[in-house]
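Per-entry structural report
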Amino acid sequence: MATDPKPFVIALEEHYWDAELAAGFKSPEVNNRGLRPKLDSLGELRIDAMDEAGIDVQVLSHGAPATQRLDSDSAVALARRVNDRLHEAVLAHPGRFEAFGVLPTVDPLASADELERVVTKHGFKGAMVHGLANGLFFDDRRFWPIYERARALDVPLYLHPAMPHPAVIEAYYKEYVKDFPSILTAGWGFGVETATQAIRIVLSGVLEAYPGVKLILGHMGEGLPFSLWRIDQAMSREGNRTTSFREAFREHFWITTSGNFSTPALLCSIMELGVERIMFSVDWPYVDNVPGTEWMKTVPLCTADKDKILHGNARRLLKM
Ligand code: GRE
Ligand code: ZN
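Below is a short write-up of the structure. Every chain is numbered on its own, with residues counted from 1 as its sequence reads. Going through the entries in the order they are written, you letter the chains from A and number the ligands from 1. Only residues with pLDDT of at least 70 get local features here, since the model is predicted, and only at 80 or more are side-chain atom pairs given and counted; chain-wide, interface and lining totals rely on the full set of residues. Neither water nor hydrogens contribute to the side-chain values; these are computed over all heavy atoms in the structure.

**Considering the pairing of strand 2 (residues 57-62)**
Throughout, exposure labels follow a simple rule: accessible area from a 1.4 Å probe, protein chains only, divided by the maximum for the residue type, with under 20% read as buried, over 50% as exposed, and the rest as partly exposed. Helix and strand assignments follow DSSP, with helices taken as H or I runs no shorter than four residues and strands as E runs no shorter than two, numbered in order from the N terminus. Of all six residues in strand 2, six are buried; the element is thus mostly enclosed. Here strand 2 shows a buried face lined by Val 57, Val 59 and Ser 61 and a second buried face lined by Gln 58, Leu 60 and His 62. A pair of strands is labelled paired if DSSP reports no fewer than 2 bridges between them. When strand 1 (residues 10-16) meets strand 2, the two strands line up parallel, connected through five bridges. Residue pairing across strands places Tyr 16 opposite His 62, the latter belonging to strand 2. Bridging between strand 2 and strand 3 (residues 97-99) involves three bridges; their strand directions are parallel. When the bridges of strand 3 are listed, Leu 60 appears paired with Ala 99.

**A closer look at helix 15 (residues 303-318)**
The span one expects for a helix is its residue count, reduced by one, times 1.5 Å. In a regular helix each residue adds 1.5 Å, so 16 residues correspond to 22 Å; helix 15 covers 21 Å between its end C-alpha atoms and thus fits that length. To obtain the bend at a residue, axes are fitted to the seven residues ending there and to the seven starting there, and the angle between these axes is taken. The largest bend in helix 15 comes to about 55 degrees, at Ile 309. Along helix 15, the residues classified as buried are Lys 306, Ile 309, Leu 310, His 311, Asn 313, Ala 314, Leu 317 and Leu 318. With its phi angle positive at about 55 degrees, Lys 319 sits one or two positions after the end of helix 15.

**Digging into the site of ligand 1**
The cutoff for a nearby residue is simple: one of its non-hydrogen atoms must lie within 4 Å of the molecule or strand. Taken together, the neighbourhood of ligand 1 is formed by His 15, Glu 29, Ala 64, His 160, Ala 186, Phe 190, Asp 283 and Tyr 286. Distance and chemistry together define a polar contact, namely a pair of N or O atoms within 3.5 Å, with one atom able to donate a hydrogen and the other to accept it when in protein, and with adjacent residues in sequence counting only for side-chain atoms on both sides. Side-chain polar atom of His 15 to an oxygen atom of ligand 1: 3.3 Å apart, as the coordinates give it. In the environment of ligand 1, an oxygen atom lies 2.6 Å from a nitrogen or oxygen atom belonging to the side chain of Asp 283. One can see that ligand 1 is located within the largest pocket. Nonpolar residues are Ala, Val, Leu, Ile, Met, Phe, Trp, Tyr, Cys and Pro. Charged residues are Asp, Glu, Lys and Arg, and all others, Gly as well, are polar. Among the residues making up the shell around ligand 1, the classes are represented as four nonpolar, two polar and two charged. Any residue with an atom within 4 Å of a point lines the site, the site being either a cavity, points on a 1 Å grid over the protein atoms alone where a 1.4 Å probe fits but cannot get out, or a pocket, an open set with protein on both sides within 12 Å along at least 5 of 7 lines. Put plainly, a molecule is in a cavity or pocket when over half of its atoms are within 2 Å of the grid points there.

**Quick word on the sheet that holds strand 8 (residues 278-279)**
Strands pair in a sheet through their backbones, by hydrogen bonds, and they do so in one of two ways: parallel or antiparallel. The parallel open sheet is built from five strands, whose spatial order is 4-5-6-7-8. The outermost strands of the open sheet, each flanked by one partner alone, are strand 4 (127-130) and strand 8. In the sheet, strand 7 (residues 253-256) pairs with strand 8 via two bridges, with the strands oriented parallel. Bridging across to strand 8, Ile 255 finds its partner in Ile 278.

**Comments concerning the sheet that holds strand 1**
Spatially, three strands are ordered 1-2-3 in an open sheet, and the strand pairing comes out parallel. If you trace the sheet from one side to the other, it starts and ends with strand 1 and strand 3, each paired once. Across this sheet, the average inter-strand angle for adjacent strands is 35 degrees, counted without regard to direction. The sheet contacts of helix 15 involve strand 1 and strand 2, and relative to strand 1 the element is tilted by about 75 degrees. Orientation is described by axes fitted as lines to C-alpha atoms, over the contacting stretch for helices, and by angles from 0 to 180 degrees between their N-to-C directions. Contact criterion: two residues are considered in contact whenever any of their non-hydrogen atoms come within 4.5 Å of each other.

**Describing the layout of surface pockets**
Grid points are joined across faces, edges and corners, and a volume is the space filled by probe spheres set on the points. Counted as a void, the largest pocket has a volume near 1200 Å³. Taken together, 43 residues line the largest pocket, and the ones lying closest to its centre are Ala 162, Leu 184, Thr 185, Ala 186 and Phe 190. For the lining of the largest pocket, the secondary-structure elements that each account for two or more residues are helix 2 (28-32), helix 9 (189-204), helix 11 (224-235) and helix 13 (263-273). Counting residues per element, the lining of the largest pocket draws most heavily on helix 9, which supplies five residues. Taken together, the residues of the lining of the largest pocket sort by class into 21 nonpolar, 16 polar and six charged. Counted as a void, the second largest pocket has a volume near 400 Å³. Of all the elements in the fold, those that place two or more residues in the lining of the second largest pocket are helix 4 (44-53), helix 14 (289-298) and helix 15. If one sorts the elements of the lining of the second largest pocket by residue count, helix 14 sits on top with five residues. Residue classes in the lining of the second largest pocket are distributed as seven nonpolar, three polar and eight charged.

**Things to note about the pattern of salt bridges**
A pair is scored as a salt bridge if a Lys or Arg side-chain nitrogen falls within 4 Å of a carboxyl oxygen belonging to Asp or Glu. The final tally for this structure, using the stated rule, is 22 salt bridges. Arg 149 is paired through a salt bridge with Asp 113; the nearest N and O atoms lie 2.8 Å apart. You can see Arg 149 sitting in helix 7 (residues 144-153) and its partner Asp 113 sitting in helix 6 (residues 108-122), a full 36 residues away along the chain. Owing to a relative accessible area of 44%, Asp 113 belongs among the partly exposed residues under this scheme. Taking the shortest distance from any N to any O, the salt bridge between Lys 308 and Asp 305 comes out at 3.9 Å.

**Here's the deal with the packing of helix 9 against helix 11**
In the contact formed by helix 9 and helix 11, the axes pass within 13 Å of each other and the chain directions differ by 40 degrees. With respect to each other, helix 9 and helix 11 are oriented oblique. With respect to the hand of their crossing, helix 9 and helix 11 are arranged in right-handed fashion. Residue-level contacts link Ala 195, Ala 198, Ile 199 and Leu 203 of helix 9 to Leu 224, Ile 231 and Met 235 of helix 11. Residues belonging to the contact of helix 9 with helix 11 are distributed by class as follows: seven nonpolar, no polar and no charged. For this classification, under 35 degrees means roughly parallel, over 145 means roughly antiparallel, 65 to 115 means roughly perpendicular, and everything else is oblique. By definition, any crossing whose near helix is turned counterclockwise from its far helix by less than a right angle is left-handed, and any crossing with a clockwise turn is right-handed.

**With respect to the packing of aromatic side chains**
Within 6.5 Å between ring centres, the rings of Phe, Tyr and Trp (the latter by its six-membered ring) count as paired, and their orientation is classed by plane angle as stacked under 30 degrees, edge-to-face over 60, tilted in between. This model, assessed by the stated rule, comprises nine aromatic pairs. Taking 5.6 Å as the distance between ring centres and 25 degrees as the angle between the ring planes, the aromatic pair formed by Phe 261 and Trp 295 counts as stacked. Placement of Phe 261 in the loop between strand 7 and helix 13 and of Trp 295 in helix 14 is noted, with a sequence separation of 34 residues between them. Exposure remark for Trp 295: the relative accessible area of 8% places this residue in the buried category. Taken together, the ring pairs connect Phe 138, Phe 143 and Tyr 147 into an aromatic cluster. One cation-aromatic arrangement involves Arg 141 over Trp 144; the distance from NZ or CZ to the ring centre is 4.0 Å. Cation over ring: Arg 315 sits above Phe 8, and NZ or CZ is 4.7 Å from the ring centre. Here, a charge over a ring is recorded when the distance from Lys NZ or Arg CZ to the ring centre is within 6 Å and its angle to the ring normal is within 35 degrees.

In structure tokens, the structure reads:
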């Protein structure tokens, strides 16, 4: 019996660490799990792990918090160096890597210019921002020039989580951090804060100001597809400004499967957003590649829909 040919696979939440930028990072998760060699690799180790799982292309992005906790003027020059080195890695492995850049969000206008530089000069596919930018949610008006430029360039901004705000850790999580450190990250804290970030962006008016803005959420939309009906219904109740949350979310957001290989969550997301809005990703090296591509073989979708998720939607959104 003929077996299906291996599908072409693009994954777009795949992290690395730049040695200079990451020199100041403290990540118990990376240390405890021995992830550093994988994060450091932009060559053989990484490509072997892609090949083992049948992943053809990784769209590379820096690991959290990337450049979102830099608070001095030197952030602009550092972000440029990080992006230039990433560009070298992409050039060194033709066909295997693409890139999302880092932005020095402490300076929003310089961030807009850096986005334009990496897209037009380096061929980057957009940029990723990680969690709160020095304590500010990304809907803050100071960041709107970044949305304006992303729209002008027609590239997406990927909203990735980072360590939650210290006041949130103190109020919500601290008793559990010692025994369950992942409550702060992939276990819960990351998703709640990033979903909040997305909700605030929809409510802020930035999407009406720049109607073509395209945003990506990882982790199967950080729970928002499951909650979309309820958020939309509640935001439409008397006393709220008139808005269609659901419509705005469906128009501006794409989601990836990074770190969330759940068939029920995928089917819910398809029902809420449509299969065109969902793109395969792993979240390597925080999550292993093989369980991701093996999971996709089991999802109850036709080949045409799987192909959209595995490569077609990414090709269209990222113009690959
Ligand atoms: C992730 O990208 O998923 C991630 C981090 C940092 C810690 C844990 C984690 O970037 O899952
Ligand atoms: Zn990630």
